[in-house]
There are 2 protein chains.
Amino acid sequence: MEISLSGGRFQSCLREIRARACDVEDSKKGVKISKEDWSKLHVHIASYNNFPTAAGLASSAAGFACLVYALGKLMNVKEDESQLSAIARQGSGSACRSLFGGFVKWIMGKEENGSDSLAVQLADEKHWDDLVIVIAVVSSRQKETSSTSGMRETVETSLLLQHRAKEIVPKRILQMEEAIRNRDFASFSQLTCTDSNQFHAVCLDTSPPIFYMNDTSHRIISIAEKWNRSEESPQVAYTFDAGPNAVLIARNRKAATLLIQRLLYYFPPNSDDLDSYIIGDKSLAKDAGINGIQDIEALPPPPEIKDNIPSQKYKGDVSYFICTRPGRGPVLLTDESQALLNSENGLPK
Amino acid sequence: MEISLSGGRFQSCLREIRARACDVEDSKKGVKISKEDWSKLHVHIASYNNFPTAAGLASSAAGFACLVYALGKLMNVKEDESQLSAIARQGSGSACRSLFGGFVKWIMGKEENGSDSLAVQLADEKHWDDLVIVIAVVSSRQKETSSTSGMRETVETSLLLQHRAKEIVPKRILQMEEAIRNRDFASFSQLTCTDSNQFHAVCLDTSPPIFYMNDTSHRIISIAEKWNRSEESPQVAYTFDAGPNAVLIARNRKAATLLIQRLLYYFPPNSDDLDSYIIGDKSLAKDAGINGIQDIEALPPPPEIKDNIPSQKYKGDVSYFICTRPGRGPVLLTDESQALLNSENGLPK
């Protein structure tokens, strides 16, 4: 599929990265492009995403980060990742964080024009290797609010947002940095969950109110809260972005298998096709003893449910689960066979 | 059904009202009871409610207000309604407001023991005679949080609640009093809706989060917001208490018929029994042209929907609608035939 890059967000990124282009010389390939030439040259861009797009899972952030990073490499841009993040931010706000792997902080900045609003890496993905992520992609019957226009209305109309932004978020960011530094899952989980809930609270305090979470999101929160409270320490954190999908972060692989058992118990698949119901790292479901639909049907209710309450199931309310882990940032691949463009004619393979 | 009054909330009300009992003398009936006798006497209490109970519609508030008022009349208690409201409040917080009809303000009070937390009437129900109320009783699949325990957790854990209570609510109460005084529906509606949303926002900001509204509640809000925005001025206000049911207040009877058309368009009944689907003042549905199920099926989509969006319907998501109006407070009935107890033997008829 061919898409247009004429939109303002693409053009901002292209303009900014071109302005930082440098001379490129590769005697082996016989390439010599001077700084000034870049504004006259055209490039073919081919993109492939192994993550679901338009599911409210920030795939456009990943795309803009990749675009800016790849063009920067091509044009021999000397700026570091943080400086590139300020460019990617103009494509999609959250794209600035995707220039790095691991744990990333988006610094608000002070400048009116946003030039110092950029991302820094707090720690790479190896720093806290235990964490496992399970994403529940929730079936949605409703049209969503665009996250950009939604946030503008919240800023304009929510009386709680200002208090949150001024008094609460700055403290929480410091606490979160410390929790990450110390790999303190109890604090990490507490901060992640309460801040997700407060973000959605100010969305609800917007006029007209914005509802990103739906009944299924609420149920997933209840499952996580009930489980965490039944254990000595939290086993899972949850967070919701501008949509109903749950991002669940388990403290380690053992907790992740217990989590996936709970999720599959409450949200069995609509069809027998388990392979498209649990995607990503499929070994997690295997470790949880789930090899087929009959294993899901045989799952016992989680022990934290009191025996006298019949537990309801919500078949079909989750579209699929993605099992993954905190990942790395953009990487320049050197293996020609992985290229999406043909190096002979520059056209898609 | 016989119920026990041994619970603390009933006992508080009974103790407080007995402590204020006075001499009663009715020479016509040959009754003479001295103040001191009341503590030794027993009474039969029979109660009937024409409003749905346990539906999250404050039927217990109505019940406690009625109990305190009726006992006060029986025991010749001299206290006025506001003083009685402080007693009813000990049965159920919101019961204090139900000692009056029309528009009532619950004054927080300053005393640690709550003795000055009571209700005053701002205006009686005749002051703003235009308003029409439609209540959507929403089908609920989930167990609810008790509203009393929920509020305690919000006070303890929500960081937004304090800001709301200190900075926002006091101003809004003054604005609401003025809107009621001036019968200013635009302000009344704006304040009602934004404050309902903010109440639910602080519930969501509680740890663990409290969700009273569900997807159906959200849809009703969207229908009301979209309609109000398409008109020159708001036609309907919405508010949600500690549950998913929508209380919708239409600016006048004309707006109420347009509202009921919209509600029935989106939420057609599950069965053909229209008589139990629209209860209370049934003339409203008749005025809206709804005499049978076929009239609901023939309803056109509301004009504020854009033509290109196919409008989804949510059959069965609402249990039933109640059509009513702001009502009067407790009234002592003198017609013996309406009594629930037999005046000969004091037992239920």
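Everything numeric in this text was worked out from a predicted model, so none of it was measured. (Residues numbered from 1 in each chain as written. Chains lettered and ligands numbered in written order. Predicted model: local features only at pLDDT ≥ 70, side-chain atom pairs only at ≥ 80, totals over all residues. Heavy atoms only, no water.)

Engineer: Please provide a residue-by-residue account of the interface of chain B and chain A, values included.
Structural biologist: Counting residues at the interface gives 34 residues for chain B, matched by 34 residues for chain A. Between chain B and chain A, roughly 3000 Å² of surface is buried when both sides are summed, and carbon and sulfur atoms account for 58% of that area. At the junction of chain B and chain A, the tally comes to 0 salt bridges. The interface formed by chain B and chain A includes 4 residue pairs in polar contact (both at pLDDT 80 or more). Elements with a minimum of two residues in the side of chain B that touches chain A: α5 (159-181), α6 (185-204) and α7 (215-230) of chain B. Considering each element in turn, the side of chain B that touches chain A owes the most residues, 8 residues, to α6 of chain B. In terms of residue class, the side of chain B that touches chain A is made up of 13 nonpolar, 12 polar and 9 charged. (Contact = heavy atoms within 4.5 Å. Buried area = accessible area lost by both parts, 1.4 Å probe. Salt bridge = Lys/Arg side-chain N within 4 Å of Asp/Glu carboxyl O. Polar contact = N/O pair within 3.5 Å; in protein donor to acceptor, adjacent residues only side chain to side chain. Helix = DSSP H or I, 4+ residues; strand = E, 2+ residues; numbered from the N terminus. Nonpolar A, V, L, I, M, F, W, Y, C, P; charged D, E, K, R; others polar.)

Engineer: For the nonpolar core, give the residues involved together with the corresponding values.
Structural biologist: Here is a general trend for soluble globular proteins: nonpolar side chains tend to be buried in one another's company. Membership of the largest hydrophobic core comes to 129 residues, with the highest contact counts inside it found for F188, L264, F267 and F321 of chain A together with L264, F267 and F321 of chain B. In this structure F321 of chain B touches V134, I135, A136, L263, L264, F267, Y277, I278 and I279 of chain B, once residues within four positions along its chain are discounted. (Core = buried A, V, L, I, M, F, W, Y, C linked by side-chain atoms within 4.5 Å. Buried < 20%, exposed > 50% of the residue type's maximum accessible area, 1.4 Å probe, protein only.)

Engineer: Just give me the short version of the sheet that holds strand β9 (residues 318-324) of chain A, but keep the residues and values in it.
Structural biologist: Residue and element names in this part refer to chain A. If you walk across this open sheet you meet the 5 strands as β6-β7-β5-β9-β8, and the pairing is mixed. The open sheet has two edge strands, β6 (236-240) and β8 (278-280), and neither has a second partner. With strand direction ignored, the average angle separating the axes of adjacent strands in the sheet is 25°. Summarising the sheet, β8 and β9 pair through 3 bridges and their orientation is parallel. Note on β9: the bridge partner recorded for I278 is F321. Each of β6 and β7 (246-250) touches helix α6 (residues 185-204); the most contacted strand, β6, lies at about 25° to it. Taken strand by strand, helix α7 (residues 215-230) contacts β5 (132-138), β6, β7 and β9, and its axis lies near 160° from that of β6. (Pairing = 2+ DSSP bridges. Axes fitted to C-alpha atoms, helices over the stretch in contact; angles between N-to-C directions.)

Engineer: Would you mind going over the pairing of strand β9 (residues 318-324) of chain B in detail, with residue names and values included?
Structural biologist: All names here are of chain B. Burial analysis of β9 places 5 of its 7 residues in the buried class, the great majority of the element. The sheet contact formed by strand β5 (residues 132-138) and β9 spans 6 bridges and is antiparallel. Following the sheet pairing, V134 is matched in β9 by C323.

Engineer: Lay out the sheet that holds β9 of chain B in plain terms, naming residues and giving numbers.
Structural biologist: Residues and elements named next belong to chain B. Across the sheet, 5 strands lie side by side as β6-β7-β5-β9-β8; this open sheet has mixed pairing. The open sheet has two free edges, formed respectively by β6 (236-240) and β8 (278-280), since each of these has just one partner strand. Put simply, the sheet's adjacent strands are angled 25° from each other on average, direction ignored. Against the sheet, α6 touches β6 and β7 (246-250), its axis set at about 25° to β6. α7 rests against β5, β6, β7 and β9 of the sheet, and its axis sits at about 160° to β6.

Engineer: Please provide a residue-by-residue account of the state of the cysteines, values included.
Structural biologist: This structure, assessed with the given rule, holds 0 disulfides over all chains. In this model C22 of chain A remains outside any disulfide bridge; the closest cysteine sulfur is found in C13 of chain A, 18 Å from its own. Accessibility expressed as a relative area gives 17% for C22 of chain A, which makes it buried. Unpaired in terms of disulfides, C96 of chain B finds its nearest cysteine sulfur in C13 of chain B, a separation of 11 Å. (Disulfide = S-S within 2.5 Å.)

Engineer: Account for the environment of S343 of chain A, naming residues and giving values.
Structural biologist: Within the element layout of this structure, S343 of chain A appears in the segment after β9. What makes S343 of chain A exposed here is its relative accessible area of 53%.

Engineer: Requested: an account of the relation of the copies chain B and chain A, with residues and values cited.
Structural biologist: Expressed as a screw operation, the relation of chain B to chain A combines 0.0 Å of axial shift with a rotation of 180°, fitting to an RMSD of 0.0 Å. Here the transformation between the copies is reduced to the relation of a two-fold axis. Among all residues of chain B, the one whose C-alpha sits closest to the rotation axis is A201 of chain B, at a distance of 2.1 Å. The overlap is high: 100% of the interface residues of chain B also sit at the interface in chain A, so the same surface is used on both sides. (Least-squares fit on C-alpha atoms with pLDDT ≥ 70 in both.)

Engineer: Explain unusual backbone geometry to me, using residue names and the numbers behind them.
Structural biologist: Cis geometry marks the peptide bond from S207 of chain A to P208 of chain A, where omega comes out at -5°. Even without glycine at this site, A58 of chain B takes up a positive phi of about 60°. With respect to the helices and strands, A58 of chain B occurs in the loop between β2 (31-33) and α2 (59-74). Of note, N76 of chain B is a non-glycine position whose phi angle comes to about 55°, a positive value.

Engineer: Quick rundown of the packing of aromatic side chains? Include the residues and the values.
Structural biologist: In total, this model carries 20 aromatic pairs over all chains according to the counting rule given. Consider the rings of W128 of chain B and F185 of chain B, whose centres lie 6.4 Å apart with planes at 85°: the pair is edge-to-face. Here W128 of chain B is found in the loop between β4 (118-123) and β5, whereas its partner F185 of chain B is found in helix α6, with 57 residues between them in sequence. Accessibility expressed as a relative area gives 3% for W128 of chain B, which makes it buried. Members of the aromatic cluster, connected to one another through ring pairs, are F103, W128, F185 and F188 of chain A. (Phe/Tyr/Trp six-rings, centres within 6.5 Å; stacked < 30°, edge-to-face > 60°.)

Engineer: Account for the pairing of β5 of chain B, naming residues and giving values.
Structural biologist: Residue and element names in this part refer to chain B. With 7 of 7 residues buried, β5 is to be regarded as a mostly interior element. Across the two faces of β5 the burial is the same, with V132, V134, A136 and V138 and I133, I135 and V137 all buried. Sheet topology note: the β5/β7 ladder contains 5 bridges and is antiparallel. By the bridge assignment for β7, I135 is matched with V247.

Engineer: Got a sec to walk through the environment of K166 of chain B? Specific residues and values, please.
Structural biologist: Residues and elements named next belong to chain B. Here K166 lies in helix α5. Residue class for K166 comes out exposed when judged on its relative accessible area of 61%. Note: C-alpha distance between K166 and G150 (16 residues apart in sequence) is 20 Å.

Engineer: Residues and numbers for helix α5 (residues 159-181) of chain A, please.
Structural biologist: Residue and element names in this part refer to chain A. Relative to the 33 Å expected for 23 residues at 1.5 Å per residue, α5 spans 33 Å between its end C-alpha atoms, a close match to the ideal helical length. Within α5, the axis deviates most sharply at I168, by approximately 45°, and proline P170 lies no more than four positions further along. For α5, the full list of buried residues reads L160, L161, H163, R164, I168, R172, M176, E177, A179 and I180. A distance of 3.2 Å separates the backbone nitrogen of L160 from a side-chain oxygen at the start of α5, and that oxygen is part of S158. Positive phi appears at R183, one or two residues downstream of α5, with a value of about 50°. (Expected span 1.5 Å × (residues − 1). Bend = angle between axes of the 7 residues up to and from the residue.)

These results come straight from atomic positions and should not be treated as a statement about function.
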